[in-house]
Amino acid sequence: MDCSCGIGTQAIGLAKYGYNVSATDVSPDSVKRAEKEAASRGVNINFGVADFRSLDTDLTGVFDIVLSADNAIPHLLTDGDLHKAFQNIYTKLNRNGLFIATIRDYDALVKERPSTTQPRVLDKGKRVVFQVWDWADDGKTYTTNQFIVQEMNGEWKTKHNSTPYRALLREEMNNVLRATGFMDVEWHFPADTGYYQPIVTARKL
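What you see is a predicted model; the values in this text were computed from it and never measured.

*Asks:* Could you clarify how one ought to interpret a nonpolar patch on the surface in this entry?
*Replies:* Taken together, Leu14, Tyr17 and Tyr19 make up a surface patch of nonpolar side chains, about 390 Å² in accessible area. By the element assignment, Tyr19 lies in the loop between α1 (9-16) and β1 (22-25).

Take a look at the structure:
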């Protein structure tokens, strides 16, 4: 179960590996795009629209693994929402089921408080993507301002989206996971996994 599937990046990859995958996201537009992407790649995924704070009522069934990748969990800005999400994820797991999440390395980022990301130049120089990060004074939250600068019919246009995030420290996440009932909480880092973000795993015993 991918509970924050976005446009289907992980769900489609897992389905291609032969896993039986269900996938949800809070954004109906993202789910619609994910359905199209899955169909174009010939994989069968059970998609739906759901908030991971209400999975228990939004989604039927239980799963061996619940996944939330690509820094989705830090969209939850309060401890209350974090507890609610983990409680709902816990109910969606079979006994001995595994929760997997990937998030940015906020333990390092809160010390650096970077203001921008490196621009990525795409589409043979026709599209440039970068972010500007506005940090709260206490360093506990920040807002990402994403800019997409694209050449269209000889004219350069800019799109902007902003999203608030919580700079969720590993110990904070560990505490909420354990308070929810998860056991065997472990962190796995890019140097060992090859994945671009830290990965946390926790088990429902």
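*Asks:* Please clarify how the layout of surface pockets should be interpreted in this entry.
*Replies:* Left-over empty space is what a probe sized like a water molecule reveals as it rolls over the atoms. One number sums up the size of the largest pocket: a volume of about 1500 Å³. What lines the largest pocket is a set of 43 residues, and nearest its centre among them are Asp70, Arg104, Gln131, Gln146 and Tyr165. Those elements giving two or more residues to the lining of the largest pocket turn out to be α1, α2 (28-40), β5 (120-122), β6 (127-135), β7 (141-152) and β8 (155-166). For the lining of the largest pocket, the element with the most residues is β6, which contributes five residues. The computed volume of the second largest pocket comes to approximately 380 Å³. If you go around the second largest pocket, you meet 17 residues; those closest to its centre are Met1, Leu14, Tyr19, Ile65 and Leu67.

*Asks:* Please explain the environment of Gly97 as it appears in this structure.
*Replies:* When you line up the elements, Gly97 lands in strand β4 (residues 93-102). Owing to a relative accessible area of 2%, Gly97 belongs among the buried residues under this scheme. Between the C-alpha atoms of Gly97 and Ile65, which are 32 residues apart in sequence, the distance is 5.6 Å. Once residues within four sequence positions are removed from consideration, Gly97 is found in contact with Asp64, Ala202, Arg203 and Lys204.

*Asks:* What exactly am I supposed to notice about unusual backbone geometry here?
*Replies:* Glycine aside, negative phi is the norm for most residues, and most peptide bonds take the trans geometry. Even without a glycine there, the phi angle at Asp70 is positive, about 60 degrees. Mapped onto the secondary structure, Asp70 falls in the loop between β3 (63-68) and α4 (79-91). Asp70 gets classed as partly exposed once you look at its relative accessible area, which sits at 34%. For Asp123, which is not glycine, the phi dihedral falls at a positive 50 degrees. Exposure remark for Asp123: the relative accessible area of 43% places this residue in the partly exposed category.

*Asks:* It is not clear to me how the pattern of salt bridges should be interpreted in this structure. Could you clarify?
*Replies:* Side chains that differ in sign of charge can pair as their charged atoms come close. All told, the structure shown has 10 salt bridges when counted by the stated rule. Between Lys126 and Glu151 there is a salt bridge; the shortest N-O distance is 2.6 Å. Residue Lys126 is found in the loop between β5 and β6, and its partner Glu151 is found in strand β7; the two are separated by 25 residues along the sequence. A salt bridge links Arg166 to Glu172; the nearest nitrogen and oxygen atoms lie 3.8 Å apart. On the basis of relative accessible area, Arg166 is assigned to the buried category, the value being 10%. A relative accessible area of 29% places Glu172 in the partly exposed class. Residues joined by salt bridges that share partners form a network here, namely Arg33, Glu37 and Arg41.

Cut-off values and rules
- Residues numbered from 1 in each chain as written.
- Predicted model: local features only at pLDDT ≥ 70, side-chain atom pairs only at ≥ 80, totals over all residues.
- Heavy atoms only, no water.
- Patch = residues over 30% accessible without salt bridge, like charges linked within 9 Å, V, L, I, M, F, W, Y side chains within 5 Å.
- Areas by Shrake-Rupley, 256 points an atom, 1.4 Å probe, with all protein chains shown as cover.
- Salt bridge = Lys/Arg side-chain N within 4 Å of Asp/Glu carboxyl O.
- Helix = DSSP H or I, 4+ residues; strand = E, 2+ residues; numbered from the N terminus.
- 1 Å grid on protein atoms, 1.4 Å probe; cavity = no way out; pocket = protein on both sides within 12 Å on 5 of 7 lines; lining within 4 Å.
- Points joined across faces, edges and corners; volume = space filled by probe spheres on them.
- Buried < 20%, exposed > 50% of the residue type's maximum accessible area, 1.4 Å probe, protein only.
- Contact = heavy atoms within 4.5 Å.

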